[in-house]
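So the chains spell out like this:
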Amino acid sequence: MSSMNFPGVRWHGHWVAPDVPEFSIDPTSVGSDLPPAGFSRAHFRRVLELGDVPASAPLRVSADSRYVLWVNGAEVGRGPIRSQPRRLRYDEYDIAGHLRPGRNAVAVLVTYYGHPNSFWQPAASSGVMGRDVQVVLEARLGDEWLVTDERWRALRSRAWRAPAAGKALDGVPIEMLDARELDPGWTEPEFDDSVWASATVLKAGHDGALAESRPPTDPYGALLPRGVAALGGQRIAAPSITVRSAPALTGLPDHPAERLIRQLRVGEAGRTGRLPLTVQRGDDRATLVGVDFGRIVAGHVELEVDAPPGVRLDLFYQESAGYDAVAGPVDSAPRSSATYVTRGHADHYRAVDVNGLRQLFLMIPAGTGTVIVREIAVSEYHYPFIGGAAFESGDPELDRLYRAGIRTTELNSFDAFTDCPTREQRAWVGDGVVHQMVHLAGNEDWRLARNYVTLGASPRADGMLPMSVAGEIEYRGGYTIPDWALHWIHGVWNLYRHDGDRAATLRMLPVVERVLRWYEPFVDEHGTLTDVPEWNLIDWSSVFSHGRSSLITGLWARGLAEFAEMADWVGNAASAAWARERWAGARAGYEDFWDPGRGSYVDHVLDGVRMPAMSQAAGAVAIVSGLAPAERRSGIIDVITDASRLVVRSWIGGADGGYDMTKIVEHSQGVYRIDWDAEREIVLAEPFFSYVVHDAVAAAGKAHLLPDLLRRWSVFLHDGFDTFGECWGWGTPVHAWSATPTKDLIWYVLGVTPAEPGFAAVRVAPRPGALANLTGAVPTPHGLVRVTVTDGRVHVDSPVPVHFVALSGAESTAPAGTSEFSL
């Protein structure tokens, strides 16, 4: 794919690698599909002389797996963003501001993870192409090209190593760095790289490859532009520290987290202090330094010390507000951590990868000499929320919830929407729909919201989407969560409504249709879905999805309705008609789930018998799918929001705040322990599926209930936390699938949504409930829509025409500009 600065398709730069075996130079001497090499990091650099610095110096670069780029010692950027290998991205920069007359150095550190993890998966190699560290770069320097080729110097680093087999985590990075093997000046022009080898140009080795070494080549194809903003954030220094002494244990394992866990158990009472901290080491005592950042932070951990060479410093990261050193972390909590071995000078560690944490523990081991800990910090590194989007209600609790949803989503917005920064960093196809809606409601940059849809459009051979993409789960190609793909379809629909991009919608609709048609073999004689295989998660709450499922049928029907609307919009009448026919069939059979005595829908039917278990989720999907008749919808909301009937139950949540493995095993074996009155009580949706519940509340004309319903989320904002947790009473404290309050306050309380695709017109329907005043600014492709509600009067400043809906349901319109209405 070409760009303005780099016309054409073929790159000038070559794929290069370090110390590759000689056979790789002759692509005919080795077969394809070699297994991935192990974890490795490699240095690449090129020194060049410039007479004059050009006004502009566009550069683009990509790598497998990740790179960090410096020019003359200054970090320029990191990438590429996560993607499937055959959709590998590149990044583009203008490096003119980093260049100077005379000697210049361009340096790249490239990581190859080797083992598939939560944010990367190996390519299907073409000989040695695609199985080890490699990078491609090109830059236009006036009339000259700087390209990766054999003139570059390369060195496979001995500074980093991976944890022992079986000790690495798929979900979060663990970094182990021996700084004695890393010269801190290697990115500078004056560095002597004469002992390094020349980079090896890689050539594709498959039939018909013609020994091509420049993109596009297999297994990456035509490299695609990044498409999203650069990540960044504030640098947050340790506010204070706790220092404790401990008898130095012997025989500690190599894994840094396990070392800290054991050593913390024997630590003595701590004292509060501040940095810098001077530690006189002794032969039999270790020093343990603790930092509580006061809330969850996510980015690159930094540590600056003065120490003799060869001192091993171990770091351990935790998400909790209070770490129990005796009990240790709960079983489901990760062992995210790092090791840094000092070089004896210029000891400033900055992690290559991203970790999320609230608490950090540093162990200074027993030994001789002095260690001065000068600084501990986290340089946050997440996707920016920009522009003037805002919400205020005059109610401190609701305003705090709005901000918490933004913060929670920020900490799960990296190069993709992620599960959580502390326990795993996977791009789950279902979770991300909530992240997307928060971005659409609260960020003027919608590029990551678009990328969510693009990244997820990676179907298996049968048309169904992986449950998590661009990582080890997609790579392994196993079972999936089929209903996660139905939430992704909702994300496609959200983007169509907000962006109104006909070409982009058209690209996604074949994937949407294949997902919906995947369910056809499971349509029973009633038109509903029965015995759908794989992992039908639905929600972490105790819902029932086996047998004939109202939950799966309802989500599928919502997808059919949304697909039909989009298909009509792009002119695909045949596919729209198919979807509506399937929807109509589902509606006819859906009546079997209706419980007239209780006024809502049950979860499932077994062997022709309507089972009593009823959840908020079942009533909600009946409404958002349109399967519930309109006259029932208000009553359904009354039933499923009746606090006297609601119970919190989960098949997998543990009392210790983590996952309950006994419950998980039982559930996988089909054991359901019903410890509530299934004939009367209704299972509350967990925070994720609450987005569907709140959509249903609004669709039933009861959005005025939402301000009070949202207050439940305040339970997460305790002990300094300013983020939403995963579930009611357990799970990680920073989970963006729980961030629906931010979306709800904008879409339904302030009441601003698209009236037409692409916000060609805006719908304004405030539902403040008991709130007297509201004000907000909402992003659209045309600029911000500003709405103020004061004592029943609504002031709108909009760049597009306005469709206003009063509390009575009466509608009125106004042209773009300033208008006023009576609520």
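Computed from a prediction, not measured in an experiment: that's the story for all the values here.

**Some thoughts on the overall build of the protein chain**
So, step 1. Assigned secondary structure in the protein chain consists of 15 helices and 43 strands.
So, step 2. A compact globule built from 823 residues should have a C-alpha radius of gyration of about 28 Å, and the protein chain, at 28 Å, falls within 12% of that.
So, step 3. Taken along the three principal axes of its C-alpha coordinates, the protein chain extends 80 × 65 × 55 Å.
So, step 4. Within the protein chain, the proportion of its 823 residues that are buried is 61%.
So, step 5. Of the accessible surface of the protein chain, which amounts to about 29,500 Å², a share of 51% is contributed by carbon and sulfur atoms.
So, step 6. Separation between the mean location of the 77 positive side-chain charges and that of the 101 negative ones in the protein chain comes to 1 Å.

**Regarding the nonpolar core**
So, step 1. By size, the foremost hydrophobic cluster in this structure holds 161 residues, and its most contacted members are Trp-488, Leu-516, Tyr-519, Trp-556, Phe-689, Val-787 and Val-794.
So, step 2. Looking at this core element by element, the count peaks at ten residues for helix H8 (residues 550-570).
So, step 3. Setting aside anything within four residues of it in sequence, one finds Leu-516 in contact with Leu-486, Ile-489, Trp-556, Gly-559, Leu-560, Phe-563 and Trp-578.
So, step 4. Ala-107, Ala-238, Val-243 and Val-378 belong to the second largest nonpolar core, which has 43 residues in total.

**Topic: helix H1 (residues 256-265)**
So, step 1. Here H1 lies mainly inside the structure; seven of its ten residues are buried.
So, step 2. Every buried residue belonging to H1 is among Pro-256, Ala-257, Arg-259, Leu-260, Ile-261, Gln-263 and Leu-264, and all of these are buried.
So, step 3. Taken together, the buried residues of H1 touch strand S12 (174-178), strand S17 (241-247), strand S20 (285-306), strand S21 (312-318), strand S22 (337-341) and strand S24 (355-364).

**Quick word on the confidence of the model for the protein chain**
So, step 1. Scored by pLDDT, the protein chain has a mean of 95; 97% of the residues are at 70 or more.
So, step 2. In this model, residues 22-31 is a region of pLDDT below 50 whose contacts with residues beyond four sequence positions or in other chains number 13 contacts.

**Quick notes on the pattern of salt bridges**
So, step 1. A full pass over the atoms with the stated rule returns 58 salt bridges.
So, step 2. A salt bridge links Arg-460 to Glu-534; its shortest N-O distance comes to 2.8 Å. Separated by 74 residues along the polypeptide, Arg-460 in the loop between helix H4 (447-456) and strand S28 (468-469) and Glu-534 in the loop between helix H7 (502-518) and strand S29 (548-549) bring together distant segments of the chain.
So, step 3. You can call Glu-534 partly exposed: its relative accessible area is 33%.

**Digging into the layout of surface pockets**
So, step 1. A volume near 880 Å³ is recorded for the second largest pocket.
So, step 2. Around the second largest pocket sit 32 residues that line it, and Trp-493, Asp-695, Ala-698, Ala-699 and Tyr-748 are the ones nearest its centre.
So, step 3. Only helix H6 (482-499), H8, helix H10 (616-624), helix H13 (690-699), helix H15 (740-750) and strand S36 (752-754) provide two or more residues apiece to the lining of the second largest pocket.
So, step 4. Counting residues per element, the lining of the second largest pocket draws most heavily on H6, which supplies five residues.
So, step 5. Taken together, the residues of the lining of the second largest pocket sort by class into 14 nonpolar, nine polar and nine charged.

**Describing the packing of aromatic side chains**
So, step 1. The final tally for this structure, using the stated rule, is 39 aromatic pairs.
So, step 2. Seen from their ring centres, Tyr-590 and Phe-593 are 5.2 Å apart, and the 65 degrees between their planes marks the pair as edge-to-face. With respect to class, Tyr-590 is no different from Phe-593; both count as buried.
So, step 3. Cluster of aromatic residues (ring-pair linked, three or more members): Trp-484, Trp-535, Trp-540, Phe-688, Tyr-691, Trp-730 and Trp-737.

**A short note on the pairing of strand S9 (residues 144-147)**
So, step 1. Both strand S8 (residues 134-141) and S9 contribute to a ladder of four bridges, which runs antiparallel. What sits directly across from Glu-138, in S9, is Val-147.
So, step 2. Hairpin remark: S8 followed by S9, antiparallel, with two residues in the connecting loop; positive phi at Gly-142, about 65 degrees.

**Focus on the sheet that holds strand S2 (residues 40-50)**
So, step 1. Overall, antiparallel pairing links the six strands, which are arranged S5-S4-S7-S2-S10-S13 in an open sheet. Each having just a single partner strand, strand S5 (74-79) and strand S13 (197-198) make up the two edges of the open sheet.
So, step 2. The pairing of S2 with strand S7 (residues 102-112) spans eleven bridges and is classified as antiparallel. Within S7, the residue paired with Glu-49 across the bridge is Arg-103.

**Comments concerning the environment of Asp-677**
So, step 1. For Asp-677, the position within the fold is in the loop between helix H12 (661-668) and strand S35 (682-683).
So, step 2. Classification of Asp-677 as partly exposed rests on a relative accessible area of 37%.
So, step 3. Expressed as a C-alpha distance, the spacing of Asp-677 and Pro-612, which sit 65 residues apart in the sequence, is 9.4 Å.

**Topic: the sheet that holds strand S38 (residues 773-778)**
So, step 1. Read from one edge of the open sheet, five strands run S26-S38-S39-S40-S43, paired in antiparallel fashion. In the strand order of this sheet, the two ends are held by strand S26 (390-392) and strand S43 (817-822), each with one partner. Sheet twist, expressed as the mean angle between neighbouring strand axes with direction ignored, is 10 degrees.
So, step 2. Where strand S39 (residues 785-790) lies against strand S40 (residues 793-798), five bridges are found, and the strand directions are antiparallel. Counterpart to Val-787 in the pairing with S40 is Val-796.
So, step 3. Where H15 meets the sheet, its contacts fall on S26, S38 and S39, and the angle it forms with S38 comes to roughly 115 degrees.

**Describing the environment of Val-135**
So, step 1. Residue placement: Val-135 occurs in strand S8.
So, step 2. Sequence separation between Val-135 and Gly-13 is 122 residues; the distance between their C-alpha atoms is 9.4 Å.

**Comments concerning unusual backbone geometry**
So, step 1. Between Gly-79 and Pro-80 the backbone carries a cis peptide bond, its omega angle lying at -15 degrees.
So, step 2. Among the structural elements, Pro-80 can be located in the loop between S5 and strand S6 (89-94).
So, step 3. Unlike most non-glycine residues, Ala-211 shows phi in positive territory, near 55 degrees.
So, step 4. Structurally, Ala-211 is set in the loop between strand S14 (200-201) and strand S15 (224-225).
So, step 5. Its relative accessible area of 32% is what places Ala-211 among the partly exposed residues.
So, step 6. Its identity as a non-glycine residue notwithstanding, Ile-538 has a phi of 65 degrees, on the positive side.
So, step 7. Note that Ile-538 resides in the loop between H7 and S29.

**Concerning the side chain of Glu-666**
So, step 1. Looking at the secondary structure, you find Glu-666 in helix H12.
So, step 2. Overall, the relative accessible area of 16% leaves Glu-666 in the buried class.
So, step 3. Contact partners of Glu-666, with chain neighbours within four places excluded, come to Val-671 and Arg-673.

**Some thoughts on helix H3 (residues 432-442)**
So, step 1. Along H3, eleven of the eleven residues are buried, which leaves the element largely enclosed by surrounding structure.
So, step 2. Listed as buried for H3 are Gly-432, Val-433, Val-434, His-435, Gln-436, Met-437, Val-438, His-439, Leu-440, Ala-441 and Gly-442.

About the criteria used
Residues numbered from 1 in each chain as written. Predicted model: local features only at pLDDT ≥ 70, side-chain atom pairs only at ≥ 80, totals over all residues. Heavy atoms only, no water. Helix = DSSP H or I, 4+ residues; strand = E, 2+ residues; numbered from the N terminus. Rg over C-alpha atoms; globule rule 2.2 N^0.38 Å. Buried < 20%, exposed > 50% of the residue type's maximum accessible area, 1.4 Å probe, protein only. Areas by Shrake-Rupley, 256 points an atom, 1.4 Å probe, with all protein chains shown as cover. Lys, Arg positive; Asp, Glu negative; His and termini not counted. Charge placed at Lys NZ, Arg CZ, Asp CG, Glu CD. Core = buried A, V, L, I, M, F, W, Y, C linked by side-chain atoms within 4.5 Å. Contact = heavy atoms within 4.5 Å. pLDDT = per-residue confidence, 0-100. Salt bridge = Lys/Arg side-chain N within 4 Å of Asp/Glu carboxyl O. 1 Å grid on protein atoms, 1.4 Å probe; cavity = no way out; pocket = protein on both sides within 12 Å on 5 of 7 lines; lining within 4 Å. Points joined across faces, edges and corners; volume = space filled by probe spheres on them. Nonpolar A, V, L, I, M, F, W, Y, C, P; charged D, E, K, R; others polar. Phe/Tyr/Trp six-rings, centres within 6.5 Å; stacked < 30°, edge-to-face > 60°. Pairing = 2+ DSSP bridges. Axes fitted to C-alpha atoms, helices over the stretch in contact; angles between N-to-C directions.

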